[in-house]
Amino acid sequence: MKTLKIGIMAYDRMKERTLAIARGEEKPASGEPMVWFTSVESFAKVLSERNRELLALVARENPHSLTELARLSGRNKSNLSRTLKTMSRCGLVELERGQRGTLMPRVPYDEVKLDVPITSSTRQAAVPPG
């Protein structure tokens with residue numbers, strides 16, 4: 001089973017940590033989340049129940065285009081495109097080029113684990129979504 005680990009970190013801390021990593025002053029520890037959100041609420045918006053159903057549909061049906069996914073899901077293609085691009089930036093979806101340049105969504109993970117610190121922590125790296 002392939003798992004995507006997601007963490008929560010305040011934006012200011014993410015920015016500070018990202019700059020420190022870029023300068024070579026810090027290095028992400030093994031096992032840290034690969035994707036970061038600034039709040040549980042922002043995570044919940046991206047991984048809402050409706051979007052989790054969409055991910056399950058993509059994983060199950062392997063659509064060959066956004067047009068096919070729109071038909072399968074009953075969702076508007078332009079809304080799907082926006083949603084999938086957001087999910088792609090977060091690592092939840094990969095958008096591959098298919099025939100004639102169509103976008104084929106793929107779900108690279110079987111599950112997501114959310115790492116939510118209760119107290120402040122310095123062990124976290126930073127890649128803000130979006």
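Worth saying up front: this structure is predicted, and the values here are computed from it rather than measured. (Residues numbered from 1 in each chain as written. Predicted model: local features only at pLDDT ≥ 70, side-chain atom pairs only at ≥ 80, totals over all residues. Heavy atoms only, no water.)

### Concerning the packing of aromatic side chains
Just so we agree on the cut-off: Only Phe, Tyr and Trp rings are paired, with Trp represented by its six-membered ring, and only when their centres lie within 6.5 Å; those with planes under 30 degrees apart are stacked, over 60 edge-to-face, the remainder tilted. Summary of the burial criterion: residues with accessible area below 20% of their type's maximum are buried, those above 50% are exposed, and those between are partly exposed, where the area comes from a 1.4 Å probe applied to protein chains only. Sitting over a ring, as applied to charges here, requires NZ of Lys or CZ of Arg to be within 6 Å of the ring centre and within 35 degrees of the ring normal.
Enumeration over the complete set of coordinates arrives at one aromatic pair. Ring geometry for F37 versus F43: centroids 5.5 Å apart, planes at 80°, classification edge-to-face. The exposure class of F37 is buried, given its relative accessible area of 1%. Across from the ring centre of Y109, 5.3 Å away, lies the NZ or CZ of K2, which sits over that ring.

### Considerations on helix α1 (residues 11-22)
Filter applied, for reference: Helical segments are the DSSP runs of H or I of at least four residues, strand segments are the runs of E of at least two, and each set is numbered from the N terminus. To estimate how far a helix should reach, multiply one less than its number of residues by 1.5 Å. Taken from the helix axis, the directions to the C-beta atoms give the arc we talk about. Residue contacts are defined here by distance: any two heavy atoms, one from each residue, within 4.5 Å place the two residues in contact.
With twelve residues, α1 should cover 16 Å at 1.5 Å per step; its first-to-last C-alpha distance of 16 Å lies within 8% of that length. Those residues of α1 that fall on the buried side of the exposure criterion are R13, M14, R17 and A20. Along the long axis of α1, the arc covered by the buried residues comes to 130°, so they all point the same way. In this structure, α1 carries D12 and A22 as exposed residues pointing more than 90 degrees from its buried face. Tucked inside the fold, the buried residues of α1 contact β2 (35-37). One or two residues past the end of α1 sits G24, with phi positive at roughly 80°.

### Points about the pattern of salt bridges
Put simply, the test is: Counted as salt bridges are all cases of a side-chain nitrogen of Lys or Arg within 4 Å of a carboxyl oxygen of Asp or Glu.
In the structure shown here, the tally under the stated rule is seven salt bridges. Among the ionic pairs, E16 bridges to R13, the shortest N-O distance being 3.0 Å. Note that E16 and R13 are positioned in helix α1 at a spacing of three residues, about one turn of the helix. Since its relative accessible area comes to 48%, E16 is described here as partly exposed. One salt-bridge network, in which partners are shared between bridges, spans R13, E16, R17, E26 and E32.

### Some details on the nonpolar core
Note the following rule: Throughout, nonpolar core names a set of buried Ala, Val, Leu, Ile, Met, Phe, Trp, Tyr and Cys residues whose side chains join them through atoms within 4.5 Å.
The biggest cluster of nonpolar side chains holds 22 residues, and the ones touching the most others in it are I6, F37, L69, L84, M87 and L92. Going through the elements one at a time, β1 (3-8), β2, α2 (40-46), α3 (49-61), α4 (66-73) and α5 (77-89) are the ones with two or more residues in this core. When residues of this core are assigned to their parent elements, the largest contribution, four residues, is made by α3. Not counting chain neighbours up to four residues away, the residues in contact with L92 comprise L4, I6, V46, L47, L55, M87, R106, V107, P108 and V112.

### A word on the confidence of the model for the protein chain
We apply this condition: Within a predicted model, pLDDT stands for the predictor's per-residue confidence, ranging from 0 to 100.
Considering every residue of the protein chain, the mean pLDDT works out to 88; 92% of them sit at 70 or more. Per-residue pLDDT stays below 50 along residues 122-130; that stretch engages in 33 contacts with residues further than four places along the chain or on separate chains.

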